[in-house]
Every structure is written in C-alpha cells, then in structure tokens.
Amino acid sequence: MSTVNLDIVTPNGSVYEKDDVELVVFQTTAGEMGVMSGHIPTVAALKTGHVKVNFRNGTEYIAVSGGFVEIRQHKVSVIVQTAETASEIDVERAKLARQRAQSHLDDQDNSDINRAKRALARAENRLRVAELK
Ligand code: ATP
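Residues numbered from 1 in each chain as written. Predicted model: local features only at pLDDT ≥ 70, side-chain atom pairs only at ≥ 80, totals over all residues. Heavy atoms only, no water.

*Asks:* Could you give an account of the layout of surface pockets, with specific residues and numbers?
*Replies:* As a volume, the largest pocket reaches approximately 480 Å³. Arg93, Ala97, Arg100, Arg122 and Arg126 are, among the 18 residues lining the largest pocket, the residues nearest its centre. Elements with a minimum of two residues in the lining of the largest pocket: α1 (91-106) and α2 (113-130). In terms of residue class, the lining of the largest pocket is made up of seven nonpolar, two polar and nine charged. (1 Å grid on protein atoms, 1.4 Å probe; cavity = no way out; pocket = protein on both sides within 12 Å on 5 of 7 lines; lining within 4 Å. Points joined across faces, edges and corners; volume = space filled by probe spheres on them. Helix = DSSP H or I, 4+ residues; strand = E, 2+ residues; numbered from the N terminus. Nonpolar A, V, L, I, M, F, W, Y, C, P; charged D, E, K, R; others polar.)

Here it is in structure tokens:
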C-alpha cells in the first residue's frame, strides 16, 4: 500500500514525523476528513481535537489545537499551536488546567470568557485523547 509522509509542526518545531502512514483522519472545522496517498491537494482548518494516524500495524492519536493541515499527494503537513501524542499528555496537568478554566468561566467579573472557553476545550481535549492511547 502506498503511504504518506506526515509532519506536525508547532512553534517548537517539528514534533512528529512519520513516513509510513496509511491513513490519517483530521477533525476539521467542516467535519472529519480522511487522507490517504494521492489525496487531492487541499488546505483545511483544524478544530481542537485529535489527529488519528493509521499505520500498517496500529493507530496513534495526537491531540492538537489551533491550526491547519496542508495536503499534497504524498505529504501531509500539520501546522498547529500545540500537539501531543496520547502518551505524552500529562493528565494531572490537564486536570489542573481544566479546573482553572472552569473557575475563570464561573467568575462573573472575567472579561475574557472566550479565552477561558478555549483553555477549557484544550484541557478537555487532552483528557479525552489521553484515554485513546
Ligand atoms: P497549561 O495551563 O497547563 O499550560 P494550556 O492549555 O494553557 O495548559 P497550551 O498553551 O495549550 O497549554 O500549551 C503550552 C505548551 O504545553 C505546549 O507545548 C503544549 O504541547 C504543552 N502542554 C500543555 N498541556 C499539556 C499537557 N497536559 N500534557 C503535555 N503537554 C502539555
């Protein structure tokens, strides 16, 4: 089976690179999108969610937030603010982040509700993806 090269880049540089990916599934703002070798070139915005990577011998999940995917025939580039594989996720840290975000949302004087909502979405996403490993 023909495979694609997947590269995930964050402000910290390339954090994940594999060249034997059979199928990669993205959660885009327009819905789920599966990509295999030979996919039509496209660009899509990603939701805070996971990237599912299928290899011949298994599957890996990566939590991502804030970014885009660029698809070319044999190369898929993901450019996101954050990316962690399910096994890299620090669950205790995500629980603390969730607690902080929830208390910011409960605070009537908080002027930055949207920021707290995004932080909550990142924390809940990490906790969900950590369960997928
Ligand atoms: P926190 O308040 O715990 O920093 P956050 O959602 O504000 O959470 P981000 O700004 O999304 O954090 O990410 C900052 C950096 O920390 C990124 O490099 C991200 O990959 C990493 N990171 C954040 N939370 C976790 C986690 N629970 N486990 C592993 N890495 C994390």
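*Asks:* Report on the UniProt feature "domain: ATP synthase F1 complex delta/epsilon subunit N-terminal" (unreviewed entry) in the protein chain, specifying residues and quantitative values.
*Replies:* Annotation from UniProt places "domain: ATP synthase F1 complex delta/epsilon subunit N-terminal" (unreviewed entry) at residues 5-83. With 0% helix and 80% strand, the stretch residues 5-83 has end C-alpha atoms that lie 17 Å from each other. (UniProt positions renumbered as here; feature names shortened; annotations may be inferred.)

*Asks:* Before we move on, can you summarise the pattern of salt bridges with the specific residues and values?
*Replies:* Tallied over the entire structure, the rule returns three salt bridges. With a closest N to O distance of 2.8 Å, glutamate 84 and arginine 126 form a salt bridge. Within this pair, whereas glutamate 84 is found in strand β7 (residues 75-85), its partner arginine 126 is found in helix α2, the two being separated by 42 residues in sequence. The residue glutamate 92 makes a salt bridge to lysine 95 at a minimum N-O spacing of 3.9 Å. With glutamate 92 and lysine 95 both in helix α1 and three residues apart, the pair spans about one turn of that helix. (Salt bridge = Lys/Arg side-chain N within 4 Å of Asp/Glu carboxyl O.)

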